[in-house]
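Spelled out, the chains give:
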Amino acid sequence: MDANAQLEFDIAPDNAEGDGAAALARLLAAYRPVAGSHDELLDGDGRPRAHWRPFLNDLAALGDAGLDRAISAADRHLSDNGVVYRVYEGADGRERPWPLSHLPMVMPAADWAELARGVAQRAALMEAVLADLAGPARLVASGAVPAALVAGNPEFLRPLAGVTPRSGRYLSLYAVDVSRGPDGRWWVLADRTQAPSGLGYAVENRIALYRALPDMFERRGVVRLADFIQRVRSQIAGPADGAAPSLAVLTPGPANETYFEHAYLARVLGFPLVEGGDLAVVGDTLWLRDVEGARRIDVLLRRVDAGFMDPLELNTASRLGVPGLVHAVRAGGVTIANALGSGLVEMPALRAFIGPLSERLTGKPLSLPSLATWWLGDPAVARMVASEIERFTLAPAFGRTIPGVIDSQGVDVATLEPADRQRLVAAIARRGMDFVAQEPVRLGTTPVIEGGRLAARPCAIRVFAVNGPDGWTVMPGGLGRIADKPDARTLSMQRGGRSADVWVLGRGVEPPAPVLMAAADSVTPRRDSGGLPARAADNLFWLGRYLERLEATLRVVRNLAGRTADDDPDQAGHVSARRLADLLAHWGAAPNLPRRIEVATTAALTGALPGAAPGLVDAIRRTATAVRDRLSPDAWRILGELKRALEAAAAAREAGEFGLAEAATTADEALRLVAAFFGMTHETMYRRAGWRFLDLGGRIERGIAVARFARRLSGPGADANDLERLLELTDTRVVYRSRYLEGLAARPVLDLVLVDDAHPRSVTYQARKILEHLGQIVGIGATTDPVIGPAMALVDTLVKSGPAEPFGPAWIEALESGLMAVSDAVTRRWFLDAAPFVGMAGRREGTATPGPARGEP
Amino acid sequence: MIYDISHRTIYDYSVPVPGARCVLRLTPANRPGQRLISHAVTAEPAGDLTEAADFFGNTVHRFALTEAHSRLVLTARATVEVTSLPASSGRGPTVAAARLAALAGRDLGPDAPGHGLFPSRHVPLVEAITGYTARSMTAERPLAMAVAELNRRIQADFVYDPQATDVGTSPATAFAVKRGVCQDFAHVMLAGLRGVGLAARYVSGYLRTVPPPGQKRLEGADATHAWIEVYAGEAEGWLGFDPTNGIAAGLDHIVVAVGRDYADVSPVDGVVRAAGGHDLSVSVDVVARSERAKAALPAG
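Residues numbered from 1 in each chain as written. Chains lettered and ligands numbered in written order. Predicted model: local features only at pLDDT ≥ 70, side-chain atom pairs only at ≥ 80, totals over all residues. Heavy atoms only, no water.

Trainee: How would you sum up the overall build of chain A? Please name residues and give values.
Mentor: On a plain count of helices and strands, chain A comes out with 27 helices and 22 strands. Scored against the burial criterion, the 857 residues of chain A give a buried share of 56%. Counting only contacts in chain A whose residues sit at least 6 apart along the sequence, the fraction spanning at least 24 positions is 70%. Carbon and sulfur atoms form 53% of the exposed surface of chain A, whose accessible area is close to 34,100 Å². (Helix = DSSP H or I, 4+ residues; strand = E, 2+ residues; numbered from the N terminus. Buried < 20%, exposed > 50% of the residue type's maximum accessible area, 1.4 Å probe, protein only. Contact = heavy atoms within 4.5 Å. Areas by Shrake-Rupley, 256 points an atom, 1.4 Å probe, with all protein chains shown as cover.)

As structure tokens, this is what we get:
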């Protein structure tokens, strides 16, 4: 049947205009559902399903141009916000833009309600199974779950066997990957119980797609996610006992595939983002190393797999966790969400037993079933499967790749060469317990936009649920995952594919759960800062320093490229431009002794030297990424623009279209963005330690830079050109001219640039701010602090004493080294106390000569 | 046979460390065929030291020190009696029966076979080792005989060579070079036995050593030792084999801990925040009471 011919008759756009119908026909011209799969858009007769029709009309009404605009709006949001995931390829891994489908997956209210009930039931069942297997293991004793599936499971944490989590529950968050079977019923592809990921990406998808299709979202009554997010926040925090709950999100760090999401989630939930190195177990409790002092952590939301959480009692090679954490858990000193050991029930092999377990533990059949699965540890089952092996998909029983045997994603046996098939059969005969056999997946399909037209692609949804005293709440939405090819069977984001927002219809059908508003008297205003982990302080400090370093470089470039002084930079007789070019070389921004000034400015803006602008922007983004949860999205966007501005300059250079004029323009634009970033952070960051460290780093770097400018441009032989450049580099020309009608002279220029308190670029001004920040961060007794005190005294003396030999190079240099001493002191006082962990097991067994006593009576 | 054992571990740090956290498995086991008569673990500087049993029933000491130090001395002393085990019925299971038995259990207790059935951190399955092992593991052969043969083959085919491998050497590498120390041989044998679907576990402990004739026993020259046990069904339990020496575990083998591999039983494991390097020295003495008595006799 020709589905498209059918469509033209069936659904005319609301405005019933001919061009709308034509647009619709164009959209659907190439839409071909996969035979034998359920399609979200078209029913079995090739007609659009009722809930999709309004959306089709909306899309047709947008027209090609409107659709393009919507798509770029979404992409711009993702790109501006730096939504990325890291691809594990090669040694360092690269970041990829987050691939978002520009169409939502649309779910009718009734369909979704049924799915949500199934998810809640399954989540509760997983909790019950976990509580048994990690505890009394009655299910093993009775034979309902084979002992080998627990004993052989890498997520069975022996040091915690029989230890009930302090919170009384294993799972706070649960996620499940589901897809529709050919009959439209939902099937479970995988359970996620360890540290379910994707919630942050799901929220980002929602924001991006809302930007693209706001009218459609509002008009069609899509259910919002805010209530669910608030519920996650309050459930993970647990019952408030009056004190501020102390929580943190633990991430493996910026190298992780989904670090963006960790930072994003921390920000959305309002918990600090920490790494293992920020934490320490003292006695039975967990502490966060904070620049304001150690702070106890009650609840740790982990994005680190359990095995890596404690190098002392779990994986001793791990450097991601906290030594002694298992002890703290055992002693009831901390709650981990999800509890350590929760990964046990993710294993594919459990799905072979889950149906009967549901009957046994809850007395009810499982309403959200798994794909039919068989564990091959039972020799009879293994023989049955081996005899018809091409009918099945084989997968590792515990979901982890077995090197040289089978990949974690499993394999469709029918697609294998006979020799590989025989190898698998032999492996099953030797060790059937390592495998499960499953019915091959037949994923449902959903529409995506390909080249302005709709196309059907296989899809699955990750659905999230949060545990609470009143049971499980399921998020009205999810992380849709869509394959790139019509016949794909796996959906890993590592291997291509895209994600989609899931729009559940029916806003207003159910009243929102009353979680947004806390009871009127239950929340007392608090002024605590949430603390600042030492690592975050370190990164903020360096973010400030790198930004100012970039600014100094850009100012030199602009000054050189703008030819504001009278001397001709390329003439050997005029040395002031040369002095600045040398400064760029000295900073590692440009090569030594460039023949022409243009070479120096181009290198400083587009070169590969570490001190050149691209390298500094990389350093800025690296440090900013590590504190992403503390920066506003607006500030983050500015960093994206900064990177793009420099990329454009590099592209122009490639094209041979980059000269002094372009260098001046680029430097101007980049300086504006740096200023915008500082402005944004100063206007939005809460005035606590985090902001102070950022500003402290910036002040130190700026003070050093200004001192260096002054030293280069005021030495013996300095002329008017030098002084003119110095005034411009420090934004002081106007002030100078209005104050001194006599013309340029070294002493008044240096007075203004170095020691004028009222000038926000003078070194003295930076010094005063530095003293103020240090005093505030350390608090009472700062001047007697053994590390910070001497540094403060040094700066204070330099500022107060004034020039001993008036403005001589030696004195300027002393200023510079004073500022560097402050930086060293800050590093020693707050950042360095975490020496790396070193393993103590250094000696293996059996290094003495062997040979037992033989012939002993 | 009664043994007096002393095991001392000394860490010397070039830069003082702010504290230490470690797990010690230095106390010989109490189990059939072996009786722990007395034991003591001490640390200098003294910290928070607590004794407990780990999952496998091994005695562990958890040690936490929050005081800065540049030297840490951990000393374990024990007196143990090793007695001969009741003789095997001789009607042990076949290889095929032992494979089924390894999967059949319904408990997760410390001695359950399931713990030894799967690859573990230091013992991934290696096709070449599985193939090497399979040649001895004919299905209908008595298990004890088949494993004893494998044990002898490893002893014959591998060269004891402390320089060839280190603590991180994988079983695949040790197998490829056919060299290593007891830890390597035990890991290779575990990989092979598990590869053919049998349950097997790692045993760490001490081996009584006897000086060459005419030489004096050297103080502190002994070492920890490692061997394996294979699961032979509920009736027979775990049977010990020492592939380094090609013999069954016997009166000279003193068991300290069992686990899936070295990672579960390493005598001292822990972490310390160290800015500089450290030196580690270990000295072990295993003295049989009878020898001490003999040594006390006048020469001649």
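Trainee: Let's hear about the overall build of chain B: which residues, and what values?
Mentor: If you tally the helices and strands in chain B, you get eight helices and 15 strands. Computed over its C-alpha atoms, the radius of gyration of chain B comes to 20 Å, within 12% of the 19 Å expected for a compact globule of 300 residues. By principal-axis analysis of the C-alpha atoms, chain B measures approximately 60 × 55 × 40 Å. In chain B, which comprises 300 residues, the share counted as buried stands at 55%. The long-range share in chain B, meaning contacts at least 24 apart out of those at least 6 apart in sequence, stands at 75%. Counting only carbon and sulfur atoms, one obtains 55% of the accessible surface of chain B, whose full area is about 12,300 Å². Each charge class in chain B was averaged separately, 28 positive and 30 negative side chains, and the resulting centres sit 2 Å apart. (Rg over C-alpha atoms; globule rule 2.2 N^0.38 Å. Lys, Arg positive; Asp, Glu negative; His and termini not counted. Charge placed at Lys NZ, Arg CZ, Asp CG, Glu CD.)

Trainee: An account of the interface of chain B and chain A is needed here, citing residue identities and associated values.
Mentor: Facing the 70 residues of chain B at the interface are 61 residues of chain A. Across the chain B to chain A interface the summed buried area is about 5,400 Å²; carbon plus sulfur atoms make up 59%. Looking at the side of chain B facing chain A, the largest losses of area belong to Arg21(B), Phe118(B) and Arg273(B), adding up to 15% of the total buried there. At the boundary of chain B and chain A, one finds one salt bridge. Measuring nitrogen to oxygen at the nearest pair gives 3.3 Å for the salt bridge that ties Arg62(B) to Glu313(A). Taken together, the connections running from chain B to chain A amount to eight residue pairs in polar contact (both at pLDDT 80 or more). Listing elements by their share of the side of chain B that touches chain A, those giving two or more residues are strand S1 (2-17), strand S2 (20-24), helix H1 (95-104), helix H5 (182-195), strand S9 (200-207), strand S10 (224-231), strand S14 (268-273) and strand S15 (278-288) of chain B. Broken down by element, the side of chain B that touches chain A gets its largest block of residues, six residues, from S14(B). (Buried area = accessible area lost by both parts, 1.4 Å probe. Salt bridge = Lys/Arg side-chain N within 4 Å of Asp/Glu carboxyl O. Polar contact = N/O pair within 3.5 Å; in protein donor to acceptor, adjacent residues only side chain to side chain.)

Trainee: Which residues make up the sheet that holds strand S11 (residues 299-302) of chain A, and what are the values?
Mentor: All names here are of chain A. In space, the four strands of this open sheet follow the order S7-S6-S11-S12, with parallel pairing throughout. Of all the strands in the sheet, just strand S7 (273-274) and strand S12 (335-337) have a single pairing partner and so form its edges. Direction of pairing for strand S6 (residues 247-250) relative to S7: parallel, over a ladder of two bridges. Within S7, the position partnered with valine 249 by the bridge is leucine 273. (Pairing = 2+ DSSP bridges.)

Trainee: An account of the side chain of Asp269(B) is requested, with residue identities and associated values reported.
Mentor: Relative to the helices and strands, Asp269(B) is located in strand S14. Of the side chains with opposite charge, Arg25(B) lies nearest to the buried Asp269(B), which makes no salt bridge, at 5.4 Å. Contact partners of Asp269(B), with chain neighbours within four places excluded, come to Leu312(A), Thr316(A), Ala841(A), Arg21(B), Cys22(B) and Val23(B).

Trainee: Give a detailed account of the packing of aromatic side chains, specifying residues and quantitative values.
Mentor: Tallying each qualifying case throughout the model produces 24 aromatic pairs over all chains. Consider the rings of Tyr11(B) and Tyr13(B), whose centres lie 6.2 Å apart with planes at 5 degrees: the pair is stacked. By relative accessible area, Tyr13(B) is classed as buried at 7%. Looking at Arg431(A), its charged tip hangs above the ring of Phe118(B), at a distance of 5.4 Å from the centre. Taking the ring centre of Tyr132(B) as reference, the NZ or CZ of Arg153(B) above it sits at 4.2 Å. (Phe/Tyr/Trp six-rings, centres within 6.5 Å; stacked < 30°, edge-to-face > 60°. Lys NZ or Arg CZ within 6 Å of the ring centre and 35° of its normal.)

Trainee: Describe in detail the nonpolar core, supporting the description with residues and values.
Mentor: All names here are of chain A. Counting residues in each nonpolar core, the largest one holds 104 residues, and the members touching the most others are Phe693 and Val826. Broken down by element, this core gets its largest block of residues, 14 residues, from helix H15 (residues 534-562). Each residue touching phenylalanine 693, except ones within four places of it in the same chain, is listed here: Val291, Leu532, Ala537, Leu540, Phe541, Ile777, Val826, Trp830 and Phe831. Met126, Leu149, Val150 and Leu171 belong to the second largest nonpolar core, which has 77 residues in total. (Core = buried A, V, L, I, M, F, W, Y, C linked by side-chain atoms within 4.5 Å.)

Trainee: Hey, could you go over the side chain of Glu127(A) for me, with residue numbers and the actual values?
Mentor: Residues and elements named next belong to chain A. By secondary structure assignment, the location of glutamate 127 is in helix H4 (residues 109-133). No salt bridge is formed by the buried glutamate 127; the nearest opposite charge belongs to arginine 169, separated by 6.5 Å. Beyond its immediate chain neighbours, meaning those up to four positions away, glutamate 127 contacts Gly168, Arg169, Tyr170, Leu171 and Asn467.

Trainee: An account of the sheet that holds strand S10 (residues 295-297) of chain A is requested, with residue identities and associated values reported.
Mentor: Residues and elements named next belong to chain A. Ordered by their spatial adjacency, three strands build an open sheet running S8-S9-S10, and the pairing between neighbours is antiparallel. The strands lining the two open edges of the sheet, one partner per strand, are strand S8 (279-282) and S10. Each strand axis lies, on average, 45 degrees off the axis of its neighbour in the sheet, ignoring direction. Taken together, the four bridges between S8 and strand S9 (residues 285-288) define a ladder with antiparallel strand orientation. Bridging from a neighbouring strand, leucine 279 pairs with leucine 288 of S9. (Axes fitted to C-alpha atoms, helices over the stretch in contact; angles between N-to-C directions.)

Trainee: Describe in detail the pattern of salt bridges, supporting the description with residues and values.
Mentor: Summed over all chains, the structure comprises 57 salt bridges over all chains. Asp434(A) is paired through a salt bridge with Arg431(A); the nearest N and O atoms lie 2.8 Å apart. Overall, Arg431(A) belongs to the buried group, its relative accessible area being 3%. Of the charged contacts in the structure, one is a salt bridge between Asp252(B) and Arg208(B), with a shortest N-O distance of 3.7 Å. You can see Asp252(B) sitting in the loop between strand S12 (247-248) and strand S13 (253-259) and its partner Arg208(B) sitting in the loop between S9 and S10, a full 44 residues away along the chain.

Trainee: I'd like a rundown of the packing of helix H17 (residues 597-606) of chain A against helix H19 (residues 633-654) of chain A, residues and numbers included.
Mentor: All names here are of chain A. Where H17 contacts H19, the axes come no closer than 9 Å and their chain directions differ by 135 degrees. In this view, H17 runs oblique relative to H19, as classed from their interaxial angle. The residues of H19 that touch H17, namely those facing Thr602, Leu605 and Thr606, are Leu646, Ala649, Ala650 and Arg653. Of the residues contributing to the contact of H17 with H19, the split by class is four nonpolar, two polar and one charged. (Parallel < 35°, antiparallel > 145°, perpendicular 65-115°, else oblique. Nonpolar A, V, L, I, M, F, W, Y, C, P; charged D, E, K, R; others polar.)

Trainee: If you had to explain the pairing of S14(B) to someone new, which residues and values would you point to?
Mentor: All names here are of chain B. Counting buried positions over the six residues of S14 gives six, a clear majority of the element. Taking every second residue as pointing to the same face, both faces of S14 are buried, with Val268, Gly270 and Val272 on one and Asp269, Val271 and Arg273 on the other. Sheet analysis places S2 next to S14, joined by four bridges and oriented antiparallel. Residue pairing in the sheet places arginine 21 in a bridge with valine 271 of S14.

Trainee: Lay out unusual backbone geometry in plain terms, naming residues and giving numbers.
Mentor: A negative phi angle characterises most non-glycine residues, just as the trans form characterises most peptide bonds. Put simply, Ala337(A) and Asn338(A) share a cis peptide bond, and its omega is -10 degrees. Note on placement: Asn338(A) falls in the loop between S12 and helix H12 (354-362). In the segment running from Glu44(B) into Pro45(B), the intervening peptide bond is cis, with an omega of 5 degrees. Of note, Pro45(B) is situated in the loop between strand S3 (34-44) and strand S4 (48-53).

Trainee: Give a detailed account of helix H22 (residues 720-729) of chain A, specifying residues and quantitative values.
Mentor: Helical periodicity: at 3.6 residues per turn, an α-helix aligns residues three or four positions apart in one direction. Residues and elements named next belong to chain A. Burial analysis of H22 places nine of its 10 residues in the buried class, the great majority of the element. Taken together, the buried positions of H22 are Asn721, Asp722, Leu723, Glu724, Arg725, Leu726, Leu727, Glu728 and Leu729. Packed against the buried residues of H22 are H15, helix H16 (576-586), helix H21 (689-714), helix H23 (733-739) and helix H24 (746-755). A distance of 3.0 Å separates the backbone nitrogen of asparagine 721 from a side-chain oxygen at the start of H22, and that oxygen is part of aspartate 719. Immediately downstream of H22, the backbone of aspartate 731 shows phi near 55 degrees, a positive value.

Trainee: Let's hear about helix H20 (residues 660-684) of chain A: which residues, and what values?
Mentor: Residue and element names in this part refer to chain A. Helix length check: H20, at 25 residues, gives a terminal C-alpha distance of 36 Å against a target of 36 Å (1.5 Å per residue), a fit within 8%. If you check which residues of H20 are buried, you get Leu660, Ala663, Ala664, Thr666, Ala667, Ala670, Leu671, Leu673, Val674, Phe677, Phe678 and Thr681. Those residues of H20 that are buried lie in contact with H15, H17, H19 and H21. (Expected span 1.5 Å × (residues − 1).)

Trainee: Can you break down the environment of Leu394(A) residue by residue, with the values?
Mentor: All names here are of chain A. If you trace the backbone, leucine 394 turns up in strand S14 (residues 393-396). The exposure class of leucine 394 is buried, given its relative accessible area of 0%. A sequence separation of 374 residues divides leucine 394 from glycine 20, and the C-alpha atoms of the two residues are 48 Å apart. In contact with leucine 394, other than residues within four places in its own chain, are Leu376, Ile389, Ile406, Gly410, Val411, Val413, Leu424, Ile428, Val436 and Ala437.

Trainee: A description of the environment of Gly698(A) should follow, citing residues and the corresponding values.
Mentor: Residues and elements named next belong to chain A. With respect to the element layout, glycine 698 can be found in helix H21. When the C-alpha atoms of glycine 698 and alanine 124 are compared, they prove to be 51 Å apart, with 574 residues separating the residues in sequence. In this view, glycine 698 contacts Gly544, Arg545 and Glu548; residues no more than four positions away in its chain are not counted.

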